[in-house]
2 protein chains.
Amino acid sequence: MLELIRSLAVPNTTKILLASLDGLGGLPRPETGRSELETARVPNLTALAAEAACGLLRHVAPGITPGSGPGHLGLFGYDPLRFLVGRGVLEALGIEFDLRAGDVAARGNFCTVDAGGLITDRRAGRISTEVCVRLVERLRTIRLSGVDVFVEPVREHRFVLVLRGTGLSGRLGETDPQALGRAPVPARGLEAAAARTADLVNRFVDEARRLLADAAPANMVLLRGFDRLPELPRFPEVFGLRAAAIAAYPMYRGLARLVGMDVVKTGGTFAQEVATLREHWEAYDFFFLHYKDTDKAGEDGDFDAKVEALERFDAAVPGLRALRPDVLVVTGDHATPAILAGHGWQPVPVLVWSRHCGADPVTAFTERACVAGSLGLMPAHHLMPLVMANALRLTKFGA
Amino acid sequence: MLELIRSLAVPNTTKILLASLDGLGGLPRPETGRSELETARVPNLTALAAEAACGLLRHVAPGITPGSGPGHLGLFGYDPLRFLVGRGVLEALGIEFDLRAGDVAARGNFCTVDAGGLITDRRAGRISTEVCVRLVERLRTIRLSGVDVFVEPVREHRFVLVLRGTGLSGRLGETDPQALGRAPVPARGLEAAAARTADLVNRFVDEARRLLADAAPANMVLLRGFDRLPELPRFPEVFGLRAAAIAAYPMYRGLARLVGMDVVKTGGTFAQEVATLREHWEAYDFFFLHYKDTDKAGEDGDFDAKVEALERFDAAVPGLRALRPDVLVVTGDHATPAILAGHGWQPVPVLVWSRHCGADPVTAFTERACVAGSLGLMPAHHLMPLVMANALRLTKFGA
């Protein structure tokens, strides 16, 4: 599919703005029977929905709750079931570590082992991030022959390990036995080519054990989610777009960088993101604009806060339209219904506005209204081709 | 897909009830323009539809009329185009023969041949089931070296042949030339490994010819639909569910057993099925509850009887809801429109009720209303993942 798009993409001067409201989709609050989107006063989104083609996006598959990685890969045009990104890589992207082709990343936990080496706490009592940073300094002294070793603190007991060198494999089993009272297991190669990488990882773990011996409760490490940085077709080349990502949160910048977008420096608030968008409007064809507040409120299970987050985004819509994008898309990477206080599997509303988007009967930007939209219930990775078409950037298929 | 679900399934204490109304879908009666569901007074289903997510299921592919086997496999989460079950196996399941891994089953007909051995009636004048039983007794005396031979009567001229042993193949051509005036053809192996099985079958047929020589009109047999019992991923393991099947009819018990569900002993009426459901409510996580009356009336071409069957089911709905399932699904394995007096290819209404099913505009459980549902027109084998999600039994995909 991406090859087909690449072969059909043609130059144009049109501009595309894709606004991703993280965790956009919701569910009715039992007391009122109305979802967050149905509760919020969002006159600008309502007006836009009436002018746009609407529908619902499914990011992975029916019933499957997307993580942020697969959710955004789908929006960027990549089938998340085909382009898998391991947890180690996602963790590294989440701290905006500059992963390079061939790097192998793993998610690390500090843990506690007893005198016999058996695990007594898989999270080392959730040590503070401060302690994590200090212990990571110790691990950074580890040298392995033939590869560069990077250790980066994440939060509390979590860190990231990255090995950089030639001929590394990400096909390794985890060292976490996922149970207390057992010793960490050696990393095991899951393919013949992984033997050397497994050996390097096990030497790292041995050194870590030695360096952390006096650091209880964080006197040992567990590693899992090994993966190589996947080689994804580059977004700017597939779609022929100068693409900029504007996101206050590192994870989303990391995901955009993974597909080859330019990650533009911005501030920590959405107002600053919009200001950044305005500043760079002339320099790019495609903008991925990330809005985090909806997801944060949903994850907190705070229905009212999510409603307010939607209303704040709505207030920014006139400013986005004032830039006169040729294609304006509003959608999200997954649902985060406040009543679930976490990601959900529900399809996510999407609207595609352009001069050529066609008419449909939808006049409100809600989960329920979008069911009747002309876009139907579509796989998220079908969105980008549709957006490209609306931007008059795809030539016809066949003579 | 099943592998993905298996990797994401997590334990929970939620309970799922899947009610399959056999042949649920219908078509408008020309005199009124209203289908069976649109004609029936089904207040409980109507109320449930208003609270539930609704849609339509397509079991196989557009325009394809499902048999009961593919129809139910789809409901159980198996793509019926990938997991094929031969007619011999379905026939054996239909009489609840205890098929085992490696068994090869075929569908048999008694037929009539003339003095020259040419077929004059492919169904032996549709002999009575009584005669069939008596002749099957004769065939049961046949011994073949190295395999066990089972012959079971079905109905009228039909019987089932099962060979049990090691190294058998189900890839055999039929012995029925599908035309009068020709002799039965020898079974032919369709793969190299099938030569021995073909030989065994041909010896069985030779013996049968000898044993039936004086039994005109049923003086010969025809065999077709050879297949091995397929090895399907086991439902309880894929979905992590203790699964019980409650069905008065043997075919549906057989299909449930095929995927590894526990088949619970029940009586011959739907009221008895519901009583069985209540008795076993604590012991299982998932219940497949089969309702046959809708299909029977549809097959008879009796529109009014099908309407009444729907109303009888509707009357049982409050009793089902009183069990407080966390997820309640009402749907069917295929359409049996009374005006077709047989199975139809039409998509079948489905409703999924849970606390997290989301809202949609559908307020009636009919073919026409469900078109506007939030589930859209979905492949039946996508239902189970969605049901699992609604039961909060799937973790998220990707971090």
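Residues numbered from 1 in each chain as written. Chains lettered and ligands numbered in written order. Predicted model: local features only at pLDDT ≥ 70, side-chain atom pairs only at ≥ 80, totals over all residues. Heavy atoms only, no water.

Student: Is there a simple way to think about the overall build of chain A in this case?
Tutor: From N to C terminus, chain A includes 14 helices and 13 strands. Against the globule reference of 21 Å for 399 residues, chain A gives a C-alpha radius of gyration of 23 Å, in line with a compact fold. Here the C-alpha coordinates of chain A stretch approximately 70 × 55 × 35 Å along the principal axes. For chain A, with 399 residues in total, the buried portion stands at 58%. Of the contacts made within chain A by residues no fewer than 6 positions apart, 73% connect residues no fewer than 24 positions apart. (Helix = DSSP H or I, 4+ residues; strand = E, 2+ residues; numbered from the N terminus. Rg over C-alpha atoms; globule rule 2.2 N^0.38 Å. Buried < 20%, exposed > 50% of the residue type's maximum accessible area, 1.4 Å probe, protein only. Contact = heavy atoms within 4.5 Å.)

Student: Explain the relation of the copies chain B and chain A here, please?
Tutor: A rotation about some axis, followed by a shift along it, carries one copy of the chain onto the other. With an RMSD of 0.2 Å, chain B superimposes on chain A once it is rotated by 120° and translated 0.1 Å along the axis. In symmetry terms, the pair is related by a three-fold rotation axis. Scanning chain B for the C-alpha nearest the rotation axis identifies Ala-372 of chain B, at a separation of 3.8 Å. (Least-squares fit on C-alpha atoms with pLDDT ≥ 70 in both.)

Student: In this structure, what is going on with the pairing of strand S3 (residues 104–113) of chain A? I would like to understand it.
Tutor: Where a strand is regular, its side chains alternate between the two sheet faces. Residue and element names in this part refer to chain A. Where burial is concerned, most of S3 is hidden: 10 out of the 10 residues are buried. Residue alternation in S3 divides its side chains into two sets, Val-104, Ala-106, Gly-108, Phe-110 and Thr-112 and Ala-105, Arg-107, Asn-109, Cys-111 and Val-113, and both sets are buried. The sheet contact formed by S3 and strand S6 (residues 158–164) spans six bridges and is antiparallel. Bridged to Gly-108 within S6 is Phe-159. For S3 and strand S7 (residues 220–228), the ladder comprises seven bridges, and the chain directions are antiparallel. Counterpart to Phe-110 in the pairing with S7 is Val-221. Across two bridges, S3 lies against strand S4 (residues 119–121) in antiparallel orientation. Its bridge partner being in S4, Val-113 is matched across the sheet by Ile-119. (Pairing = 2+ DSSP bridges.)

Student: Sorry, what's going on with helix H9 (residues 250–258) of chain B here?
Tutor: One turn of an α-helix holds 3.6 residues; hence residues three or four places apart share an orientation. Residues and elements named next belong to chain B. Among the residues of H9, Tyr-252, Arg-253, Gly-254, Leu-255, Ala-256 and Leu-258 are the ones counted as buried. Here the buried face of H9 lies against helix H4 (68–75), helix H5 (87–94), strand S8 (243–246), strand S9 (262–263) and strand S10 (286–291). In the stretch just after H9, Gly-260 is the one whose phi turns positive, near 90°.

Student: How do you make sense of the pattern of salt bridges when you look at a structure like this?
Tutor: Two side chains of opposite charge can pair, provided their charged atoms sit close to one another. Residue and element names in this part refer to chain B. With the rule as written, the count across this model stands at 51 salt bridges over all chains. A salt bridge links Arg-242 to Asp-285, with the nearest nitrogen and oxygen atoms 2.9 Å apart. Taken together, the residues Arg-242 in the loop between helix H8 (235–239) and S8 and Asp-285 in the loop between helix H10 (270–279) and S10 connect sequence positions 43 residues apart. The partly exposed category is assigned to Arg-242, whose relative accessible area is 43%. The shortest N-O distance in the salt bridge between Asp-293 and Arg-312 comes to 3.0 Å. Taken together, the residues span a long stretch of sequence, with Asp-293 in helix H11 (residues 293–299) and Arg-312 in helix H12 (residues 303–322) at a distance of 19 residues. In this structure Arg-312 comes out as partly exposed when scored by relative accessible area, which is 44%. (Salt bridge = Lys/Arg side-chain N within 4 Å of Asp/Glu carboxyl O.)

Student: Explain the interface of chain B and chain A to me, please; I cannot follow it from the model alone.
Tutor: A common way to report how large an interface is uses the accessible area buried once the components associate. Taken together, the contacts link 26 residues of chain B with 26 residues of chain A. Of the roughly 2000 Å² buried at the junction of chain B and chain A (both faces included), carbon and sulfur atoms supply 72%. Taken together, the connections running from chain B to chain A amount to three residue pairs in polar contact (both at pLDDT 80 or more). Residue contributions to the side of chain B that touches chain A peak at four residues, all from helix H14 (residues 383–390) of chain B. Per-class residue counts for the side of chain B that touches chain A are 16 nonpolar, seven polar and three charged. (Buried area = accessible area lost by both parts, 1.4 Å probe. Polar contact = N/O pair within 3.5 Å; in protein donor to acceptor, adjacent residues only side chain to side chain. Nonpolar A, V, L, I, M, F, W, Y, C, P; charged D, E, K, R; others polar.)

Student: Where do I start with the packing of helix H5 (residues 87–94) of chain A against helix H9 (residues 250–258) of chain A in this structure?
Tutor: Packed helix pairs are specified by the crossing angle of their axes together with the interaxial distance, meaning the distance between the axes. At a closest axis distance of 7 Å, the pairing of H5 of chain A and H9 of chain A adopts a crossing angle of 115°. Residues Leu-90, Leu-93 and Gly-94 of chain A of H5 of chain A form the contact with H9 of chain A, whose own contacting residues are Pro-250, Met-251, Gly-254, Leu-255 and Leu-258 of chain A. (Axes fitted to C-alpha atoms, helices over the stretch in contact; angles between N-to-C directions.)

Student: Help me understand the side chain of His-381 of chain B in this model?
Tutor: Residue and element names in this part refer to chain B. Mapping His-381 onto the fold places it in the loop between strand S13 (376–379) and H14. Classification of His-381 by relative accessible area gives buried; the value is 17%. Setting aside residues no more than four positions away along its own chain, His-381 makes contact with Gly-74, Gly-77, Tyr-78, Asp-79 and Pro-80.

Student: Explain a nonpolar patch on the surface here, please?
Tutor: Residues and elements named next belong to chain A. Together, Met-1, Leu-4 and Phe-397 line one region of the surface with nonpolar side chains, adding up to about 350 Å² of accessible area. Mapped onto the elements, Phe-397 comes out in the segment after helix H14 (383–390). Classification of Phe-397 by relative accessible area gives exposed; the value is 67%. (Patch = residues over 30% accessible without salt bridge, like charges linked within 9 Å, V, L, I, M, F, W, Y side chains within 5 Å. Areas by Shrake-Rupley, 256 points an atom, 1.4 Å probe, with all protein chains shown as cover.)

Student: Looking at this model, I keep getting lost on the packing of helix H4 (residues 68–75) of chain A against H9 of chain A. Mind explaining?
Tutor: All names here are of chain A. The contact between H4 and H9 brings their axes to 10 Å, and the two run at 45°. Judged by the angle between their axes, H4 and H9 are oblique. Of the two elements, H4 crosses H9, and the hand of that crossing is right-handed. Residues Ser-68, Gly-69 and His-72 of H4 pack against Met-251, Tyr-252 and Leu-255 of H9. When the residues that make up the contact of H4 with H9 are grouped by side-chain class, the tally is three nonpolar, three polar and no charged. (Parallel < 35°, antiparallel > 145°, perpendicular 65-115°, else oblique. Left-handed = near helix turned anticlockwise from the far one by under 90°.)

Student: What's the story with the environment of Leu-232 of chain B in this structure? I'm lost.
Tutor: All names here are of chain B. Its place among the elements puts Leu-232 in the loop between strand S7 (220–228) and H8. The sequence separation of Leu-232 and Leu-84 amounts to 148 residues, and the corresponding C-alpha distance is 9.5 Å. Filtering out sequence-adjacent residues up to four positions away, Leu-232 remains in contact with Leu-73, Tyr-78, Phe-83, Leu-258 and Val-259.

Student: What should I look at first to understand the packing of aromatic side chains in this one?
Tutor: Given two aromatic rings, their pairing is described by the distance between the two centres and the angle made by the two planes. One pass over the structure, following the stated rule, counts 25 aromatic pairs over all chains. When the ring of Phe-110 of chain A is compared with that of Phe-159 of chain A, the centres are 4.9 Å apart and the planes differ by 50°; the resulting orientation is tilted. Of this pair, Phe-110 of chain A sits in strand S3 while Phe-159 of chain A sits in strand S6, placing them 49 residues apart in sequence. Exposure class is identical for Phe-110 of chain A and Phe-159 of chain A. Each is buried. Here a set of aromatic residues connected by ring pairs shows up, and it is made of Phe-76, Phe-235, Phe-239, Phe-286 and Phe-288 of chain A. The lysine or arginine in question, Arg-321 of chain B, covers the ring of Trp-353 of chain B, its NZ or CZ lying 5.5 Å from the ring centre. (Phe/Tyr/Trp six-rings, centres within 6.5 Å; stacked < 30°, edge-to-face > 60°. Lys NZ or Arg CZ within 6 Å of the ring centre and 35° of its normal.)

Student: Even after reading the chapter, I still don't get the sheet that holds strand S10 (residues 286–291) of chain A, so can you show me in this structure?
Tutor: Within a sheet, neighbouring strands are paired by backbone hydrogen bonds and run either parallel or antiparallel to one another. Residues and elements named next belong to chain A. If you walk across this open sheet you meet the eight strands as S9-S8-S10-S1-S11-S12-S2-S13, and the pairing is mixed. Each edge of the sheet is formed by a strand with only one pairing partner; in this case those strands are strand S9 (262–263) and strand S13 (376–379). In terms of strand pairing, strand S1 (residues 16–21) meets S10 through six bridges, oriented parallel. In the strand pairing of S10, Ser-20 is matched with His-290. Here helix H10 (residues 270–279) sits on the sheet in contact with S1, strand S8 (243–246) and S10, set at roughly 175° to S10.

Student: Before we go on, may I ask you to explain the nonpolar core in this structure?
Tutor: Inside soluble globular proteins, nonpolar side chains tend to come together where they are buried. Of all hydrophobic cores here, the largest spans 61 residues; its most connected members are Phe-235, Met-261 and Phe-286 of chain B. By residue number, the principal contributor to this core is H14 of chain B, which donates six residues. Look past the residues within four positions of Phe-235 of chain B in its chain and what remains in contact with it is Phe-76, Tyr-78, Gly-240, Leu-241, Ala-243, Val-259, Met-261, Phe-286 and Met-384 of chain B. Core analysis: the next-biggest nonpolar cluster, separate from the first, contains 52 residues, Ile-16, Phe-97, Val-162 and Val-350 of chain A among them. (Core = buried A, V, L, I, M, F, W, Y, C linked by side-chain atoms within 4.5 Å.)

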